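If you want the building blocks of each chain, they are given just below.
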Amino acid sequence: MTAQSVEAPEEGVPHDAPLASPTVTAGGMTRSGAARIDAIDRLRGLVIVLMVLDHVRDFFHRAAFTADPLGLESGDPALFMTRWATHLCAPTFVFLAGVSVFLQRANGKNRIDLSRFLATRGAWLILLELTIVQWGFNFGGGLFLQVIWAIGASMLAMAALIWLPRQTLLALGAVIVAGHQLVAPIDPSDLGAFGPAWNATLEFGPGLGGFVAYPFVPWLGVMLLGYGLGGLFQQQEGPRARTILMLAGGLLALFAVVRGINLYGDPRPWAAQPEPLWTALSFINVSKYPPSLDYVLVTLGVSLALLPGLARLGGPLASRLETFGRTPLFTYVLHVFLAHGLALAVGTAMGVPPSAFFNMLGDPGRVIQAEWGFGLAGVYVAWLAVLALLYPLSRWFEGVKRRRRDWWLGYL
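Residues numbered from 1 in each chain as written. Predicted model: local features only at pLDDT ≥ 70, side-chain atom pairs only at ≥ 80, totals over all residues. Heavy atoms only, no water.

Participant: What exactly am I supposed to notice about the overall build of the protein here?
Facilitator: When helices and strands are tallied, the protein shows 15 helices and three strands. Relative to a compact globule of 412 residues, whose C-alpha radius of gyration would be 22 Å, the protein shows 21 Å and is just as compact. Expressed as a percentage of its 412 residues, the buried residues of the protein come to 55%. By sequence separation, contacts in the protein at least 24 residues apart represent 76% of the contacts at least 6 residues apart. The positive charge centre, built from 28 side chains, and the negative charge centre, built from 25, are 11 Å apart in the protein. (Helix = DSSP H or I, 4+ residues; strand = E, 2+ residues; numbered from the N terminus. Rg over C-alpha atoms; globule rule 2.2 N^0.38 Å. Buried < 20%, exposed > 50% of the residue type's maximum accessible area, 1.4 Å probe, protein only. Contact = heavy atoms within 4.5 Å. Lys, Arg positive; Asp, Glu negative; His and termini not counted. Charge placed at Lys NZ, Arg CZ, Asp CG, Glu CD.)

Shown next, in the form of structure tokens:
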């Protein structure tokens, strides 16, 4: 499963900062009254659209529970790239969450209030992960901790860390992202009673009474990078675009060097394949669970490279991306139920037992036995259907957030 955004709502810039687009509409303001950076909303909206594709693939693809879409033996580069493109989601959301924390601070929120908000919002996100998000992904299944948990836990940590200087946090984020692979050889089973806690913080696997897909410390490193680099987004649009493109190019160049050396940066080395295309795919086939250094470099490099183009984007596409990007948590939670519910409805109409769609993650045997699913073309049709259902609801909630300033909306 892929990650989704739960960025804090005040993702603005100081009142005297230049706007990211020539005009500001009523929807182009943060809850604190500052101008929004439209490019950030559009980037967040774009990765939400990709995130929906990834989860629709989980629920609709015929091989979702029997084969790795990134497996080099699959012989299906379209399926590989469909899955790989969604790698952009989690690091982009988490990085932008860190940027949002910085911009709230730059926008005038004092450290006490910001720390309190991060602590309460982090706890709220963890509660959502343990309840509503679980029910949507895994009807009747066991505990499965994903990105909402990781962002919530990272926000709890940020509530304490924001008292440190920003450059210190940027350095700490870089150390975590670059260095957490060094502790990978530690076997959680050797830690006795502390093993599950180790998994919850650093390793992919069983922990905290369930399964930890997103150990939070490596993702905290990505959030710290966003916080430490948040000042870039206070620049005027032209200089900001140039600086961000230079940063993106630097990240991608560093990825090429580290990945090319093939000694450190990812636990899965690349290897030459019989065909050049698959050699290239092996090169970019980086590890997400937990996020390796190579994974963070290439995904953030690509995402940041998209920002200047998104700043210039106009028309209906820009508007729709902004809608999704301004309602990230609402859209995330809703899309899970829409995608899973649509799979249940279509499958039942085709004669698949409804029970096959319950506990699909914990016990996929029933859906495999039912031979449920479609090819990649069918997945894309279902993706467009879910987006069509999702957009008017997200648009409605965007209007609610624009018209109202109730305190509880800051947690949705």
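Participant: I'm lost on the nonpolar core in this one. Help?
Facilitator: The tendency in soluble globular proteins is for nonpolar side chains to be buried side by side. Within the largest apolar cluster, 110 residues are counted, with the highest numbers of intra-cluster contacts made by V52, V56, F95, W149, M158 and F233. Counting residues per element, this core draws most heavily on helix α1 (residues 38–60), at 13 residues. (Core = buried A, V, L, I, M, F, W, Y, C linked by side-chain atoms within 4.5 Å.)

Participant: Where do I start with the packing of aromatic side chains in this structure?
Facilitator: Any aromatic ring pair is given by two values, namely how distant the centres are and how the planes are angled relative to each other. For the structure on display, the rule yields 20 aromatic pairs. Arranged with centres 6.3 Å apart and planes meeting at 85°, the rings of W219 and Y295 form a pair that is edge-to-face. Here W219, found in helix α8 (residues 216–228), pairs with Y295, found in helix α11 (residues 293–312); they are 76 residues apart in sequence, far enough to count as distant. On the basis of an interplanar angle of 65° and a centroid distance of 5.3 Å, the ring pair of W270 and F283 is categorised as edge-to-face. Placement of W270 in the loop between α9 (237–261) and α10 (276–284) and of F283 in helix α10 is noted, with a sequence separation of 13 residues between them. Cluster of aromatic residues (ring-pair linked, three or more members): F144, F204, F211, Y214, W219, Y289 and Y295. Note that K109 overlies the ring of F117, its terminal NZ or CZ placed 4.6 Å from the centroid. Against the face of Y391 rests R320, its NZ or CZ located 5.0 Å from the ring centre. (Phe/Tyr/Trp six-rings, centres within 6.5 Å; stacked < 30°, edge-to-face > 60°. Lys NZ or Arg CZ within 6 Å of the ring centre and 35° of its normal.)

Participant: Even after reading the chapter, I still don't get the pattern of salt bridges, so can you show me in this structure?
Facilitator: Between side chains of opposite charge, pairing is possible as soon as their charged atoms come close. Per the counting criterion, the structure on display carries 15 salt bridges. Here R44 and D41 are joined by a salt bridge, their closest N and O atoms 2.9 Å apart. You can see R44 and its partner D41 sitting in helix α1, three residues apart, about one turn around the helix. For R44, a relative accessible area of 0% puts it in the buried group. On the basis of relative accessible area, D41 is assigned to the buried category, the value being 1%. The closest approach of N and O atoms between D113 and R116, which form a salt bridge, is 2.9 Å. In this pair, D113 and R116 both sit in helix α4 (residues 111–137), three residues apart, roughly one turn of the helix. Its relative accessible area of 36% is what places D113 among the partly exposed residues. Residue R116 is classed as partly exposed on the basis of its relative accessible area, which comes to 48%. Residues joined in a network through salt bridges with shared partners are R36, D38, D41, R42, R44, E322, R326, R395 and E398. (Salt bridge = Lys/Arg side-chain N within 4 Å of Asp/Glu carboxyl O.)

Participant: Is there a simple way to think about the side chain of R57 in this case?
Facilitator: If you trace the backbone, R57 turns up in helix α1. Taking relative accessible area as the criterion, R57 reaches 4% and is therefore assigned buried. Within polar-contact distance, the side chain of R57 engages the side chain of D54 at 2.8 Å. Setting aside its immediate chain neighbours within four residues, R57 contacts A64, P69, L79, R83 and V379. (Polar contact = N/O pair within 3.5 Å; in protein donor to acceptor, adjacent residues only side chain to side chain.)

Participant: It is not clear to me how the sheet that holds strand β2 (residues 205–207) should be interpreted in this structure. Could you clarify?
Facilitator: The strands making up a sheet associate through backbone hydrogen bonding, with each pair oriented either parallel or antiparallel. The mixed open sheet is built from three strands, whose spatial order is β1-β3-β2. Edge positions in the open sheet fall to β1 (144–145) and β2, since each of these has one partner strand only. The sheet contact formed by β1 and strand β3 (residues 210–212) spans two bridges and is parallel. The partner of F144 across the bridge, within β3, is F211. (Pairing = 2+ DSSP bridges.)

Participant: How should I be thinking about the packing of α4 against helix α13 (residues 328–349) in this particular structure?
Facilitator: Two numbers describe a pair of packed helices, the interaxial angle and the distance between the axes. Packing of α4 against α13 leaves a shortest axis separation of 10 Å and a crossing angle of 15°. What the angle tells us is that α4 and α13 run roughly parallel. For the pair α4 and α13, the crossing hand works out as right-handed. Residue-level inspection shows R121, W124, L125, L128, I132, V133, W135, G136 and F137 of α4 in contact with α13, the latter providing L329, Y332, V333, V336, F337 and H340. Looking at the contact of α4 with α13 residue by residue, the classes come out as 12 nonpolar, two polar and one charged. (Axes fitted to C-alpha atoms, helices over the stretch in contact; angles between N-to-C directions. Parallel < 35°, antiparallel > 145°, perpendicular 65-115°, else oblique. Left-handed = near helix turned anticlockwise from the far one by under 90°. Nonpolar A, V, L, I, M, F, W, Y, C, P; charged D, E, K, R; others polar.)

Participant: Before we go on, may I ask you to explain the side chain of S292 in this structure?
Facilitator: Here S292 shows up in the loop between α10 and α11. Engagement of the side chain of S292 in a polar contact is seen with the side chain of D266, the distance being 2.5 Å. A distance of 3.1 Å separates the side chain of S292 from the backbone nitrogen of Y295, its partner in a polar contact. When residues no more than four places from it in sequence are discounted, the contact partners of S292 are H180, G265, D266, P267, V286 and S287.

Participant: I would appreciate a short explanation of helix α15 (residues 376–403) in the present structure.
Facilitator: Along an α-helix, residues three or four apart share an orientation, since each turn contains 3.6 residues. An ideal rise of 1.5 Å per residue puts 40 Å on 28 residues; α15 measures up with 40 Å between its terminal C-alpha atoms. At L390, α15 shows its maximal kink, close to 30°; a proline, P392, follows between one and four residues later. (Expected span 1.5 Å × (residues − 1). Bend = angle between axes of the 7 residues up to and from the residue.)

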